[in-house]
Structures are given as structure tokens and as C-alpha cells.
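# Structural description and commentary
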Amino acid sequence: MLFIFPKPGDCEESSKIMSQLSHKTQLVITGCFQEVVKIATARRYHLIAFLTFDDAFPASWYVHELVTNHSPTMILTKVRESHIQLVNDWMQRMAPCPECVEEHSLFDESLKYIDQNLCETDLSLQTVSDHIFVSKYHYSRVFQKKTGVGFKEYIMSRRIEKAKKLLIKGESVTNVCYSVGYNDLTHFSRIFKRLVGISPSAYRKTIFEPAPSLPMSIPSKAYTG
């Protein structure tokens, strides 16, 4: 977040108020509007706040010209200590809690682990939760919350999607079964049919066996009498 102040007149009082701004902000104090333009348009910010302790900004500061879609913008005049406290409170509420950040990071790590081990026969809720050092019950709840589906359904769906691609490439049903992490052909076929609607062998036939051609109709000769 970028906070921009024109260089204030009463340095002691204004400096005291500005020092109370959260350390999470980038603070710019300048008398040059061209410098403001350069900084404010250099990149996108979560928020740009133009603040002044006076009733208005300097006449040379055309701050409304910087209110664009580039970054969310706030303009505030006659800033007092209470305003800074409100801004700090707002930023604190908006900041994600450390526990949430850590949980999100661990969940991303678990998805990477699943991607790397999707076709391993021993991939399970237990092995994934062990990888990120959480209980499988906690991980199961987090997984359901973040993906909207259960862990087993997610793995089955991912594996069957991969199986379909292998079948399209011409792989045999047996080879595909073992390639996507199953060691029981009957179990694989049952899951495939539940998710796709037809068995893997039938799915393969729809790709490689041409549809039966319709018999050609032979036009009858015109009766001439």
C-alpha cells in the first residue's frame, strides 16, 4: 500500500502522526507532484492513499488525475491522528492471519505432491497428510473445504482423466489400469464406468472402431411401360 503526503508545514506534529502509520505501508513525503506521478504509476498497488494535513492539496497537485483503474485510490484531507488509527485498524483486519497463510502454503504443497505421485499405487490420504505433517482427519476437512470434493473422489477423477488420454493414444486397457495407479483391473473398470458412463474397453472401441456404415440404397429404374 502506498501512502503519499505533500511535504507538511508543521513538521513536528505531522511527523508524529505519520510515524504511527503501519510499517506495512510505503510512505512517500514529497513536494514534487511529478515524482508522485512517477511513483504512483510505476506499478499496481493494493491501495494508493493521497493524504494531507491541510484543507486541500497544493494547487500544483492534480491528484484526481491519478484516480484511475490502475490502482484503488483514496483521497483524504485534514488528516488527524484518529484517521491514521482507523487506517491501521482497517489494514490489520484485511491482512490474512499467519495460520491461514501457513495452511494455504501447506495445501499448495500437498497438491504438488499429489501431482508428482498421482499414479503411485500407495498414494493415499495418509501419505499426503504425512508429507505435510498434519493429521489425515484435519487434511481431509481442509481438502473438502478448498476443493469442494472429497480426497478419494478427487484422486479417482484425476486418474480417470489420465486414463482416458492414454486410451485415446491407443494403450491397452490393462496397461492403462496399471499406468494410472490401480493394480486391480476389475476395480479400475468399475470406477471408470461410474465416472465416464461406459467401460474402458467400450470407451476405447468408440475411438478406434469405425461406426458401421449404412447400406446404400439403390435407386429403382424408372418404369417406362
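Here the structure is shown first, and the text comes after it.
A brief structural summary. Remember, predicted model here, so these are calculated numbers, not experimental data. Here, residues in each chain are numbered from 1, in the same order as that chain's written sequence. For a predicted model such as this one, the threshold for reporting local features is a pLDDT of at least 70, and the threshold for listing and counting side-chain atom pairs is 80 or more; totals across whole chains, interfaces and linings nevertheless cover every residue. Note that the side-chain values use all heavy atoms of the structure and ignore hydrogens as well as water.

### With respect to the overall build of the protein chain
Helix and strand labels come from DSSP, where a helix needs a run of H or I of at least four residues and a strand needs a run of E of at least two; each type is numbered from the N terminus. Across its full length, the protein chain carries ten helices and four strands. Exposure categories follow from relative accessible area, calculated using a 1.4 Å probe and restricted to protein chains: below 20% of the type maximum is buried, above 50% is exposed, and the middle band is partly exposed. Taken over 225 residues, the protein chain has a buried fraction of 31%. Contacts are assigned to residue pairs with any non-hydrogen atoms lying within 4.5 Å of each other. Intrachain contacts of the protein chain at a sequence separation of at least 6 include 62% that bridge at least 24 residues. All accessibility values rest on the Shrake-Rupley procedure with a 1.4 Å probe; residue burial counts only the protein chains present in the view. Of the roughly 15,000 Å² of accessible surface on the protein chain, 54% is carried by carbon and sulfur atoms.

### Concerning unusual backbone geometry
With a phi angle near 60 degrees, Phe133 is a residue other than glycine that sits in the positive phi range. Mapping Phe133 onto the fold places it in the loop between α5 (125-131) and α6 (136-147). Taking the relative accessible area as the measure of exposure, Phe133 reaches 76% and is therefore exposed.

### As for the packing of aromatic side chains
We call Phe, Tyr and Trp rings a pair once their centres come within 6.5 Å, taking the six-membered ring for Trp, and we label the pair stacked below 30 degrees between planes, edge-to-face above 60, and tilted otherwise. Inspection of every chain in the model, using the stated rule, returns eleven aromatic pairs. With 6.3 Å between their ring centres and 65 degrees between their planes, Tyr139 and Phe151 make a pair best called edge-to-face. Linking Tyr139 in helix α6 with Phe151 in helix α7 (residues 151-168), this pair joins segments that are twelve residues apart in sequence. Comparing Tyr139 with Phe151 shows no difference in burial state: the two are buried. The ring of Phe107 has Lys146 sitting right over it, with the charged end atom 5.7 Å from the ring centre. For a lysine, the NZ atom is tested; for an arginine, the CZ atom; a charge sits over a ring if that atom is within 6 Å of the ring centre and within 35 degrees of the ring normal.

### Remarks on the pattern of salt bridges
Any carboxyl oxygen of Asp or Glu that lies within 4 Å of a side-chain nitrogen of Lys or Arg is treated as forming a salt bridge with it. In total, this model carries three salt bridges according to the counting rule given. In this structure, Arg194 engages Glu153 in a salt bridge whose closest nitrogen and oxygen atoms are separated by 3.5 Å. You can see Arg194 sitting in helix α9 (residues 185-196) and its partner Glu153 sitting in helix α7, a full 41 residues away along the chain. The closest approach of N and O atoms between Glu161 and Lys164, which form a salt bridge, is 3.4 Å. With Glu161 and Lys164 both in helix α7, this residue pair falls three residues apart, about one helical turn.

### Comments concerning the side chain of Arg159
Along the polypeptide, Arg159 turns up in helix α7. We count Lys and Arg on the positive side and Asp and Glu on the negative side, and we leave His and both chain ends out. Buried and without a salt bridge, Arg159 has Asp122 as its closest oppositely charged side chain, separated by 6.9 Å. Polar contacts involving the side chain of Arg159 include one to the main-chain carbonyl oxygen of Leu118, which spans 2.8 Å. Leave out the neighbours within four places in its chain, and Arg159 touches Leu118, Glu120, Leu123, Val180, Gly181 and Tyr182. Between N or O atoms, a polar contact is any pair within 3.5 Å; within protein, one atom must be a potential hydrogen donor and the other a potential acceptor, and residues adjacent in sequence are included only when both atoms are from side chains.

### Some points on the environment of Ile75
Along the chain, Ile75 falls in strand β4 (residues 73-76). With a relative accessible area of 31%, Ile75 lands in the partly exposed category. Between the C-alpha atoms of Ile75 and Val63, which are twelve residues apart in sequence, the distance is 8.1 Å.

### Some points on the nonpolar core
Counting residues in each nonpolar core, the largest one holds 14 residues, and the members touching the most others are Ala163, Leu167, Val176, Val180, Tyr182, Phe188 and Phe192. Elements represented by at least two residues in this core include exactly α7, α8 (173-179) and α9. Take this core: its biggest share by element is five residues, from α7. Residues within four places of Val180 in sequence aside, it is in contact with Leu118, Cys119, Arg159, Lys162, Ala163, Leu166 and Phe188. Here, the term nonpolar core denotes a set of buried Ala, Val, Leu, Ile, Met, Phe, Trp, Tyr and Cys residues that are joined through side-chain atoms within 4.5 Å.

### Let's talk about the packing of α7 against α9
Between two packed helices, both the angle of their axes relative to each other and the distance between the axes serve to describe the pair. Their axes nearest at 10 Å, the elements α7 and α9 cross at an angle of 95 degrees. Taken together, the axes of α7 and α9 are roughly perpendicular relative to one another. Along its contact with α7, which presents Glu153, Met156, Ser157, Ile160, Ala163, Lys164 and Leu167, the element α9 presents Phe188, Ile191, Phe192, Arg194, Leu195 and Val196. Note on geometry: axes are lines fitted to C-alpha atoms, helical ones only across the stretch in contact, with angles between N-to-C directions running from 0 to 180 degrees. Each angle is binned into one of four classes, with values under 35 degrees roughly parallel, values over 145 roughly antiparallel, values of 65 to 115 roughly perpendicular, and all other values oblique.

### Here we look at the sheet that holds strand β1 (residues 2-6)
The strands making up a sheet associate through backbone hydrogen bonding, with each pair oriented either parallel or antiparallel. With parallel pairing, the four strands of this open sheet are ordered in space as β2-β1-β3-β4. Each edge of the sheet is formed by a strand with only one pairing partner; in this case those strands are β2 (26-30) and β4. The average undirected angle you get between the axes of adjacent strands in this sheet is 15 degrees. One bridge is not enough; two strands pair if DSSP finds at least two bridges between them. Note: β1 against strand β3 (residues 48-51), three bridges, orientation parallel. By the bridge assignment for β3, Phe3 is matched with Ala49. Here helix α2 (residues 33-40) sits on the sheet and contacts β1, β2 and β3; the angle it forms with β2, its principal contact strand, is near 160 degrees.

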